[in-house]
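The primary structure of each chain is shown beneath.
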Amino acid sequence: MLANFRKTFFPKPNELQRAIEFVEHVQRAETKFLIEQALTKEEIDLLYDLEGHETMRLRSFESYVSRISLLKDRTITIDEVKKDLQIWRDA
């Protein structure tokens, strides 16, 4: 029964390809936005590492808003992000 369930609900090759393309599009758009905010490629990679580390440590009842989202919403500034990156780099 489980094998039939997997076969029935596993994404088709074209659905997988569309999902991959969508994720790549979002990643390109985020990278472009961060470059426009005057982050270097090294800082962007560091930001993804930092946020990945932070999200891995969340408990099931906690939520997380990425710095990229906060930047887009103008809740934080690029200087605050760079300060966080410096702290992460030095740790």
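Everything numeric here is computed off the predicted structure, so don't read it as measured data. (Residues numbered from 1 in each chain as written. Predicted model: local features only at pLDDT ≥ 70, side-chain atom pairs only at ≥ 80, totals over all residues. Heavy atoms only, no water.)

Caption draft 1: Geometry of the packing of aromatic side chains. A full pass over the atoms with the stated rule returns zero aromatic pairs. The lysine or arginine in question, lysine 72, covers the ring of phenylalanine 33, its NZ or CZ lying 5.6 Å from the ring centre. (Phe/Tyr/Trp six-rings, centres within 6.5 Å; stacked < 30°, edge-to-face > 60°. Lys NZ or Arg CZ within 6 Å of the ring centre and 35° of its normal.)

Caption draft 2: Structural detail: the pattern of salt bridges. If you walk through the whole model with that rule in mind, you get five salt bridges. Its salt-bridge partner being glutamate 51, residue arginine 67 comes within 3.8 Å of it at the nearest N-O pair. Here glutamate 51 lies in helix α3 (residues 41-56) and arginine 67 lies in helix α4 (residues 67-72), a separation of 16 residues in the sequence. Given the relative accessible area of 8%, glutamate 51 is considered buried. In this structure, aspartate 84 and arginine 67 form a salt bridge, with 2.9 Å as the shortest nitrogen-oxygen distance. Within this pair, whereas aspartate 84 is found in helix α5 (residues 78-90), its partner arginine 67 is found in helix α4, the two being separated by 17 residues in sequence. Judged by its relative accessible area of 28%, aspartate 84 is partly exposed. What you see here is one network of salt bridges that share partners, running through Glu51, Glu54, Arg67 and Asp84. (Salt bridge = Lys/Arg side-chain N within 4 Å of Asp/Glu carboxyl O. Helix = DSSP H or I, 4+ residues; strand = E, 2+ residues; numbered from the N terminus. Buried < 20%, exposed > 50% of the residue type's maximum accessible area, 1.4 Å probe, protein only.)

Caption draft 3: Structural view of the nonpolar core. Counting residues in each nonpolar core, the largest one holds 13 residues, and the members touching the most others are Leu34, Leu39, Leu47, Leu71, Val81 and Leu85. Elements represented by at least two residues in this core include exactly α2 (13-36), α3, α4 and α5. Beyond its immediate sequence surroundings of up to four residues, leucine 34 is in contact with Leu39, Ile44, Leu47, Tyr48, Ile68 and Leu71. (Core = buried A, V, L, I, M, F, W, Y, C linked by side-chain atoms within 4.5 Å. Contact = heavy atoms within 4.5 Å.)

Caption draft 4: Structural context of the side chain of serine 66. Looking at where serine 66 falls in the secondary structure, it is placed in the loop between α3 and α4. Among the polar contacts listed, one links the side chain of serine 66 to the backbone nitrogen of serine 69, at a separation of 3.2 Å. (Polar contact = N/O pair within 3.5 Å; in protein donor to acceptor, adjacent residues only side chain to side chain.)

Caption draft 5: Representation of α2 in the model. Here α2 is 24 residues long and its end C-alpha atoms lie 35 Å apart, about the 34 Å a rise of 1.5 Å per residue gives. Those residues of α2 that sit buried are Thr31, Phe33 and Leu34. A positive phi of about 75° marks alanine 38, the residue just after α2. (Expected span 1.5 Å × (residues − 1).)

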